[in-house]
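Here is how the chains run, residue by residue.
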Amino acid sequence: MAGGCGSRRAGMKTRRMTMAQALIEFLKQQHVERDGREHAFFAGMVGIFGHGNVAGIGQALQENPDFLYILVRNEQAGVHMAAGFAKASNRLRTFACTSSIGPGATNMITGAALATINRLPVLLLPGDIFARRNVAPVLQQLESPATQDTGVNDCFKPVSRYWDRIYRPEQLITSLPEAMRVLTSPADCGAVTLALPQDVQTEAYDYPEELFRKRVWLIRRGEPDRESLERAVRAIKRAERPLIVCGGGVLMSEASQALDDFAARTGIPVAETQAGKGALKWDHAQVVGAIGATGSLAANRLAHEADLVIGIGTRYSDFTTASMTAFQNPNVKFMNINAAEFDAYKLGAIPVVADARVALEQLGAALGAHKVSAAYATEIAELKTKWDAEVDRLFHLNGRVAGGSSAGGDARTTAGETPALQSGGGSRKPAQSEVIGAMVESAGERGVLVSAAGSHPGDLHKLWRTRTPNGYHMEYGYSCMGYEIPGAMGAKLADPTREVFVFLGDGTYLMAPSEIVTAVQEHIKIVIVLVDNGGFASIGSLSRSLGQGGFGTLYRARDKKSGQLDGEPLEVDFVANARSLGAHAIKAANLDELKKALEEAKAMDRTTVIVVETDVTASVPGYDSWWDVAVAEVSEMESVREVRAKYEEARRRERYFV
Ligand SMILES: Cc1ncc(C[n+]2csc(CCOP(=O)(O)OP(=O)(O)O)c2C)c(N)n1
Ligand SMILES: [Mg+2]
């Protein structure tokens, strides 16, 4: 906004502005378009001011009140909020993130890694040290005896898809279009970092007026090439036991309807990754649930014997492939539809480098009336019915044991399908699966579930029943404790008409509860269900399965005698804590109280935290699956040596697909 409009440079109209003012003006003008719908790409900026950005970006934001600025409590959370917003917007919108130099900047690195791993666009604008250098070392500057051309912001390089440092104000003119190209690319998007030296942010330049024209970036729907499509069609026609692995790319491409039609017409079953879950309704006839280490019995059984795996928008993480043990058919082949060539070629697949929706439509048309065999269709239907009954059972345990051998949804266990009965019920602590059942009921058609790390992502992957696309928002690329609350705030900002529920553990809550204050500040209403199980159920369970007995995973005081963390349980009043941050807080002692609390929270217009203690012994089992966590090869501990022997045996099932 500022500056002398109308000056000229080599016949070009220019505007004299500081680098920061020009940057904000540019961001305001960026739009994206897909399927004829146009959106402003940036909803605003989130961040925290310090001496490294207050006079530059801070001043420019103040001058642009029409560009939303959200003050957060931690820069990392600010990036999570932007990533959550981008994910819930199917990558069509995001926030820019500003920080001061030094610790404010490095706080954003975790957020950058999360965004890049999950292929989510976020624009990071860390402040940087003086480009002028004469006053160095400035406060918070990392010095090097070997070069002056380095600083903490170089740490963003491996976690960014595009990285630049703006030493001169005019470098914005060439850097910003590159940043936008990457942010709006379906194949290359992730974190983009532009490091902004604090002096340069405030320097004026005669920017060409052209830089500030409204620009609409087309989000391409890439077409598959004819040859690849033909190969894909031949592979599907040949296959007797095809299986679709539905990844996050299906949601990002808004290809739910195309996949629904394709699966219904061909009868090919659809298994879901964490990022792809919920692209189809849970009760769609072809949906067989979660796949992999945290998969359903139905999906994992089908995966074991599949002869063609059709990966759509998936990057095949180890949880999806069950550490390369999920697919045991000796003749299994892969065919991958992906906007990114990198992912399309994985596992020696026939690559179809294309947008998911377009590829599914063309593939469906080319396949005509092709259908899976009647025998395969019956098998799919039977497995699905069995699995749905298993989920119902876990939602309504009524005091029965869940069937797991250890707490925390341990992926190493194989389920007993008919668990024994246990006394109990009434006012007892609920099992985690019952908490999930209550939340599924409360979430209704359009509720959104947000989570990221702990024992619950595995349980939620297996059990959550999504009814509307984007109703299941799991950050499981980085599985980052601390994403949940700001990520959910981003999801709520993306669609305020949907009720957003957060499932998080006591461990995560204690790591990062502070954005509740931001939620109150911004009138963002989310419902947080805080499961208190006295520490890290997930890692405790993993530790026990490794023969390590849960060492260092419980929230207990250091015992004076043993000198270890096995003393009295630490009492934390989560209700008082959440209340102190401005949330409405409720303690639920049992399942009935939890159900009532969920209804109370829905009726509130304020962020609500529901604290519920769960029974850690009633864990959800694993279903014919495995996750490779390497066990100590030599140890003084007998328990570890035993597990190592089993581990070596289990690892033999890991396969190469080339
Ligand atoms: C930032 C971060 N640090 C560490 C981990 C490793 N980790 C995964 S789950 C977990 C424990 C989470 O505890 P809690 O939130 O209470 O969930 P629970 O395991 O009890 O279900 C830890 C430490 C992580 N995922 N993220
Ligand atoms: Mg816990």
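Just above sits the structure.
Reference entry: report on the structure contained in this document. (Residues numbered from 1 in each chain as written. Chains lettered and ligands numbered in written order. Predicted model: local features only at pLDDT ≥ 70, side-chain atom pairs only at ≥ 80, totals over all residues. Heavy atoms only, no water.)

### Things to note about the side chain of Glu-434
Okay, so step 1: When you line up the elements, Glu-434 lands in helix H16 (residues 432-443).
Okay, so step 2: Residue Glu-434 is classed as buried on the basis of its relative accessible area of 1%.
Okay, so step 3: A distance of 3.3 Å separates a polar atom in the side chain of Glu-434 from the backbone nitrogen of Leu-397.
Okay, so step 4: Those residues within four positions of Glu-434 in sequence are excluded, and the remaining contacts are Leu-394, Phe-395, His-396, Leu-397, Asn-398, Arg-428 and Leu-591. (Helix = DSSP H or I, 4+ residues; strand = E, 2+ residues; numbered from the N terminus. Buried < 20%, exposed > 50% of the residue type's maximum accessible area, 1.4 Å probe, protein only. Polar contact = N/O pair within 3.5 Å; in protein donor to acceptor, adjacent residues only side chain to side chain. Contact = heavy atoms within 4.5 Å.)

### Things to note about the site of ligand 1
Okay, so step 1: Neighbouring residues of ligand 1: 17 residues in total, closest Ser-455, Ser-479, Asp-506, Gly-507 and Ser-538.
Okay, so step 2: In this structure, Met-481 approaches ligand 1 through a main-chain N or O atom, which is 3.3 Å from a nitrogen atom.
Okay, so step 3: One nitrogen or oxygen atom from the main chain of Ala-537 is found 2.8 Å from an oxygen atom belonging to ligand 1.
Okay, so step 4: Its free accessible area being 580 Å², ligand 1 has 78% of it covered by the protein chains.
Okay, so step 5: Sorting the residues of the shell around ligand 1 by element identifies helix H19 (506-511) and helix H21 (537-545) as the ones contributing at least two each. (Near = heavy atom within 4 Å. Areas by Shrake-Rupley, 256 points an atom, 1.4 Å probe, with all protein chains shown as cover.)

### So, a nonpolar patch on the surface
Okay, so step 1: Taken together, the side chains of Leu-510, Leu-570 and Val-572 define a hydrophobic patch exposed on the protein surface, amounting to about 230 Å² of accessible area.
Okay, so step 2: Along the chain, Leu-570 falls in the loop between H21 and helix H22 (574-580).
Okay, so step 3: The partly exposed category is assigned to Leu-570, whose relative accessible area is 47%. (Patch = residues over 30% accessible without salt bridge, like charges linked within 9 Å, V, L, I, M, F, W, Y side chains within 5 Å. Salt bridge = Lys/Arg side-chain N within 4 Å of Asp/Glu carboxyl O.)

### So, helix H2 (residues 54-62)
Okay, so step 1: Residues Gly-56, Ile-57, Gly-58, Ala-60 and Leu-61 constitute the buried set of H2. End-on view of H2: buried residues confined to an arc of 165°, all on one side of the axis.
Okay, so step 2: Close packing links the buried residues of H2 with helix H1 (19-28), strand S5 (42-47), strand S6 (69-71), strand S7 (94-99), strand S10 (191-197) and helix H7 (198-201). (Arc of directions from axis to C-beta.)

### With respect to the environment of Ile-524
Okay, so step 1: Mapping Ile-524 onto the fold places it in the loop between helix H20 (515-521) and strand S22 (527-532).
Okay, so step 2: Taking relative accessible area as the criterion, Ile-524 reaches 5% and is therefore assigned buried.
Okay, so step 3: In the structure, Ile-524 is positioned 32 residues away from Lys-492 in sequence and 7.1 Å away in space, judged by C-alpha atoms.
Okay, so step 4: What Ile-524 contacts, discounting residues up to four positions off in sequence, is Met-489, Lys-492, Leu-493, Ala-519 and Thr-607.

### Some remarks on the coordination of the magnesium ion (ligand 2)
Okay, so step 1: Taken together, Asp-506 (OD), Asn-533 (OD1) and Gly-535 (O) make up the full set of protein donors to the magnesium ion (ligand 2), lying 2.0 to 2.1 Å away.
Okay, so step 2: Each donor residue of the magnesium ion (ligand 2) lies on one chain, and together they are spaced D-x26-N-x1-G. Just as Asn-533 is buried, Gly-535 falls in that class too. (Donors = N, O, S within 2.8 Å, 3.2 Å for Na, K, Ca; no water.)

### Observations regarding the sheet that holds S10
Okay, so step 1: Across the sheet, which stays open at both edges, the six strands sit in the order S6-S5-S7-S8-S10-S9 with parallel pairing between neighbours. For this open sheet the edge positions go to S6 and strand S9 (162-165), each flanked by a neighbour on one side alone. Averaged over all pairs of adjacent strands, the angle between their axes in this sheet comes to 20°, without regard to strand direction.
Okay, so step 2: Bridging between S9 and S10 involves four bridges; their strand directions are parallel. Looking at S10, one finds that Arg-165 is bridged to Ala-195. (Pairing = 2+ DSSP bridges. Axes fitted to C-alpha atoms, helices over the stretch in contact; angles between N-to-C directions.)

### Thoughts on the sheet that holds strand S13 (residues 242-246)
Okay, so step 1: The six strands lie next to each other as S15-S14-S13-S16-S17-S18, forming an open sheet whose pairing is parallel. A single partner strand is all that each edge strand has here, and the edge strands are strand S15 (287-290) and strand S18 (350-353). Across the sheet, the axes of successive neighbouring strands diverge by a mean angle of 20°, strand direction being ignored.
Okay, so step 2: Against the sheet, helix H8 (residues 226-238) makes contact with strand S16 (308-312), strand S17 (333-338) and S18, and its axis sits at roughly 130° relative to S18, the strand it touches most.

### Side note on the environment of Phe-327
Okay, so step 1: By secondary structure assignment, the location of Phe-327 is in the loop between helix H12 (318-321) and S17.
Okay, so step 2: Taking the C-alpha atoms as reference, Phe-327 lies 5.4 Å from Ala-303; in sequence the two are 24 residues apart.

### Digging into a positive patch on the surface
Okay, so step 1: A surface patch of like charges, here positive, comprises Arg-231, Arg-234, Arg-238 and Lys-333.
Okay, so step 2: Tracing the backbone shows Arg-234 in helix H8. (Lys, Arg positive; Asp, Glu negative; His and termini not counted. Charge placed at Lys NZ, Arg CZ, Asp CG, Glu CD.)

### Some words on the nonpolar core
Okay, so step 1: By size, the foremost hydrophobic cluster in this structure holds 96 residues, and its most contacted members are Leu-363 and Ile-610.
Okay, so step 2: Among the elements that make up this core, the one with the highest residue count is helix H15 (residues 374-395) (seven residues).
Okay, so step 3: Discounting residues that sit within four places of it in the chain, Ile-610 has contacts with Val-527, Ile-528, Val-529, Leu-530, Ile-586, Ala-588, Leu-594, Ala-597, Leu-598 and Ala-601.
Okay, so step 4: Judged by nonpolar contacts, the second largest core, of 52 residues, contains Cys-480, Tyr-483, Ala-491 and Ala-519. (Core = buried A, V, L, I, M, F, W, Y, C linked by side-chain atoms within 4.5 Å.)

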